[in-house]
Amino acid sequence: VMTPIEVATEDMMRKNDEFDEVLRSGPDGKVDIKMLQMLIQGAIGTTVNQGPLEIIQTFLGEHAKKPDVQDDKYFRYRNRLKFQCKTFLSNIKAALNENRNVIGTFQEDYQREMEENLKKFKLAVSPFIFNRQTQLEVNRSFNKALESNDDTLTRTKRHSIFF
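Because the structure is a prediction, the values reported are computed rather than measured.

Caption draft 1: View of the overall build of the chain. The number of helices and strands found in the chain is 6 helices and 0 strands. Element order for the chain, N to C, with α for helix and β for strand: α-α-α-α-α-α. Here the chain, with 163 residues, has 41% of them falling under the buried criterion. Within the structure as shown, the chain displays about 9700 Å² of accessible surface, and the carbon and sulfur contribution to it stands at 51%.

Encoded structure:
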């Protein structure tokens, strides 16, 4: 029988696997853009992202429900969940970068909205998955990008934790 944190970790792993699968090019060298956009929307759409956010707050927040016995297994899964959440953020960013490369001008508003949703999502979850120093760096980079209306947040490599 799996514990709740194990189930949450497995759920985040499945979400990451879905991104990995879609981000790998098909036999023709192209990414399935419809599936990519569905994953993006499902990950950071304003009405949908409560799932991942709730998982993060429930198991990594300061008021997280902790088992009666906090053994090595619990802490191991807590760390795995943090890693999966960081990977999830990186996968969303990679998906947005790929989407930007293939969309037409008619989808630029959608792209900007999804990028803004990612910024908000990352700011909401960073206190739970990054250490204090990393969180400060994340907040600084977002503030700098927001103040300058710069798109520096879109020029990164896949699986980079800082973007």
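Resuming the write-up.
Caption draft 2: Quick peek at the nonpolar core. By size, the foremost hydrophobic cluster in this structure holds 34 residues, and its most contacted members are F19, I44, I56, L81, I92, F121 and I129. Counting residues per element, the ones that place at least two in this core are helix 1 (4-23), helix 2 (33-44), helix 3 (50-60), helix 4 (72-102) and helix 5 (108-129). A per-element tally of this core places helix 4 first, with 10 residues. Excluding anything up to four places from it in sequence, I92 contacts F19, A43, I44 and L118.

Caption draft 3: Summary view of the packing of helix 2 against helix 5. Axis separation between helix 2 and helix 5 bottoms out at 10 Å; the angle between their running directions is 40 degrees. The angle between helix 2 and helix 5 falls in the class oblique. Every pair of crossing elements has a handedness; the one defined by helix 2 and helix 5 is left-handed. Contacts from Q37, I40, Q41 and I44 in helix 2 reach Y110, M114, N117, L118 and F121 in helix 5. For the contact of helix 2 with helix 5, the per-class residue count stands at 6 nonpolar, 3 polar and no charged.

Caption draft 4: Structural view of the pattern of salt bridges. In total, this model carries 6 salt bridges according to the counting rule given. E6 is the salt-bridge partner of K73, the closest N and O atoms lying 3.3 Å from each other. Separated by 67 residues along the polypeptide, K73 in helix 4 and E6 in helix 1 bring together distant segments of the chain. For K73, a relative accessible area of 37% corresponds to the partly exposed category.

Caption draft 5: Local environment of the packing of aromatic side chains. A complete count under the given rule lists 3 aromatic pairs for this structure. Consider the rings of F19 and F88, whose centres lie 6.0 Å apart with planes at 75 degrees: the pair is edge-to-face. With a gap of 69 residues between them, F19 in helix 1 and F88 in helix 4 connect regions that are remote in the sequence. The burial state of F19 is the same as that of F88; both residues are buried.

Caption draft 6: Local environment of the environment of A8. Tracing the sequence through the fold places A8 in helix 1. For the pair A8 and Q84, spaced 76 residues apart in the sequence, the C-alpha separation amounts to 9.9 Å. Excluding anything up to four places from it in sequence, A8 contacts I55, F59 and L81.

Caption draft 7: The packing of helix 1 against helix 4, seen in detail. As a packed pair, helix 1 and helix 4 sit with axes 9 Å apart at the nearest point and diverge in direction by 25 degrees. Relative to helix 4, the element helix 1 is oriented roughly parallel. Helix 1 and helix 4 meet at a crossing whose hand is left-handed. Residues that form the contact of helix 1 with helix 4 fall into these classes: 14 nonpolar, 5 polar and 7 charged.

What counts, and at which threshold
- Residues numbered from 1 in each chain as written.
- Predicted model: local features only at pLDDT ≥ 70, side-chain atom pairs only at ≥ 80, totals over all residues.
- Heavy atoms only, no water.
- Helix = DSSP H or I, 4+ residues; strand = E, 2+ residues; numbered from the N terminus.
- Buried < 20%, exposed > 50% of the residue type's maximum accessible area, 1.4 Å probe, protein only.
- Areas by Shrake-Rupley, 256 points an atom, 1.4 Å probe, with all protein chains shown as cover.
- Core = buried A, V, L, I, M, F, W, Y, C linked by side-chain atoms within 4.5 Å.
- Contact = heavy atoms within 4.5 Å.
- Axes fitted to C-alpha atoms, helices over the stretch in contact; angles between N-to-C directions.
- Parallel < 35°, antiparallel > 145°, perpendicular 65-115°, else oblique.
- Left-handed = near helix turned anticlockwise from the far one by under 90°.
- Nonpolar A, V, L, I, M, F, W, Y, C, P; charged D, E, K, R; others polar.
- Salt bridge = Lys/Arg side-chain N within 4 Å of Asp/Glu carboxyl O.
- Phe/Tyr/Trp six-rings, centres within 6.5 Å; stacked < 30°, edge-to-face > 60°.

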